[in-house]
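Structure at a glance
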Amino acid sequence: MLCSDGKKKLSFGGSIKDGDLVIVYEKRDVMKAVKVCETSVLQNRFGVFKHSDWIGKPFGSKVVSNKGGFVYLLAPTPELWTLVLSHRTQILYIADISFLITYLEIVPGSLVLESGTGSGSLTTSLARAVAPTGHVYTFDFHQQRAASAREDFQSTGVGSLVTVGVRDIQGEGFPDEYSGLADSVFLDLPQPWLAVPSAGKMLKQDGTLCSFSPCIEQVQRTCEALKSNFRDIRTFEVLLRTFEVHEGKIDSCQGDEGLSVGSPPCKRRHRSSEGSAMQDSSSSPTIKVRPCADARGHTGYLTFSRLQCLS
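Quick caveat: nothing in here was measured; it's all calculated off a predicted structure.

1. Focus: the nonpolar core
Soluble globular proteins tend to pack their nonpolar side chains together in the buried interior. L100, I106 and V162 are the most contacted members of the largest nonpolar core, which totals 27 residues. Looking at this core, the elements that each hand over two or more residues are α2 (94-103), α3 (121-130), α4 (143-155), β9 (162-166), β11 (203-213) and β18 (301-307). Top contributing element to this core by residue count: α3, with 5 residues. When residues no more than four places from it in sequence are discounted, the contact partners of L100 are L92, L122, F186, C210, L302 and F304. Within the second largest apolar cluster, 20 residues are counted, among which are A182, V185, A195 and L209.

2. Details of helix α7 (residues 216-226)
If you check which residues of α7 are buried, you get Q218, V219, T222, C223 and L226. All buried residues of α7 lie within an arc of 130° about the axis, which places them on one face of the element. Exposed residues on α7 whose side chains face more than 90 degrees from its buried face are E217 and E224. Against the buried residues of α7 lie α6 (196-202), β11, β12 (230-236) and β18.

3. As for the packing of aromatic side chains
The geometry of an aromatic ring pair is captured by the separation of the ring centres together with the interplanar angle, meaning the angle of the planes. In total, this model carries 11 aromatic pairs according to the counting rule given. Note on Y137 and Y178: the rings are 4.7 Å apart at their centroids and 40° apart in plane angle, and the pair reads as tilted. You can see Y137 sitting in strand β8 (residues 135-140) and its partner Y178 sitting in the loop between α5 (169-172) and β10 (182-187), a full 41 residues away along the chain. When sorted by exposure, Y137 lands in the same class as Y178, which is buried. Through successive ring pairs, a cluster of aromatic residues spans F99, Y103, F236 and F304. K62 extends its terminal NZ or CZ atom over the ring of F70, reaching a point 4.0 Å from the ring centre.

Conventions and cut-offs
- Residues numbered from 1 in each chain as written.
- Predicted model: local features only at pLDDT ≥ 70, side-chain atom pairs only at ≥ 80, totals over all residues.
- Heavy atoms only, no water.
- Core = buried A, V, L, I, M, F, W, Y, C linked by side-chain atoms within 4.5 Å.
- Buried < 20%, exposed > 50% of the residue type's maximum accessible area, 1.4 Å probe, protein only.
- Helix = DSSP H or I, 4+ residues; strand = E, 2+ residues; numbered from the N terminus.
- Contact = heavy atoms within 4.5 Å.
- Arc of directions from axis to C-beta.
- Phe/Tyr/Trp six-rings, centres within 6.5 Å; stacked < 30°, edge-to-face > 60°.
- Lys NZ or Arg CZ within 6 Å of the ring centre and 35° of its normal.

Below, the structure is given as structure tokens:
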């Protein structure tokens, strides 16, 4: 799809073609990335699925196997790709990613510098945020890891928006060719304070920087390095808490185990509309809400700052 200026627009929809990457949704929290090949088949406990039956179907389609089982064929959006990609390194998840893209003020047309690339989870979301006219330049010191990430970006359709470089940003800094051009810089490094001076040179006036660190000691040293040329220094920890909602019956008081919506949490007896029969309110269906037992805990600290404008 093309924009009015003739540039390619990033799209995760359309119909499935031979060679496309699709996310196969088997059941809740069970997904895998599959490259479509007309002569191949996918076999799982739900049966055998021919890739040739997928071609021409729109993303989101439900396909049925020879045994009557089914799966859904989903587009490789950044959110789904984060869940199924091979974790070559620790990755950022959607809660952190959405927060930092907002705070870094990344919009279509932005130029973003990133170090290090890692598994490419964040990079894929950055590419979508800057599309169709922006660009992400990401660097990793590990050559094989950078090559694998480059292949993944091509597979997910964001290769034209991302340039992957091999460079030790901690030791060498960012390339001088980007000096004063970057709208935002993101650092995911063991010693991010070493890269802060170089990042400051890359940013436009009033540009934004974010550093991701799992340990508070790293945050302290990074903040000390930021004080010289940056302002509005803030650190956040994003903790995501999800809830399960389902229908059931409450037999007795549940205490702190769950909250119910639509009926009292304890047994109560009341008269029917006829005024004679007694009914137990606990026997009626109730919407039960409770926190998920496997809530994700600490991932890391996000430190944001803004380059000081020249007086």
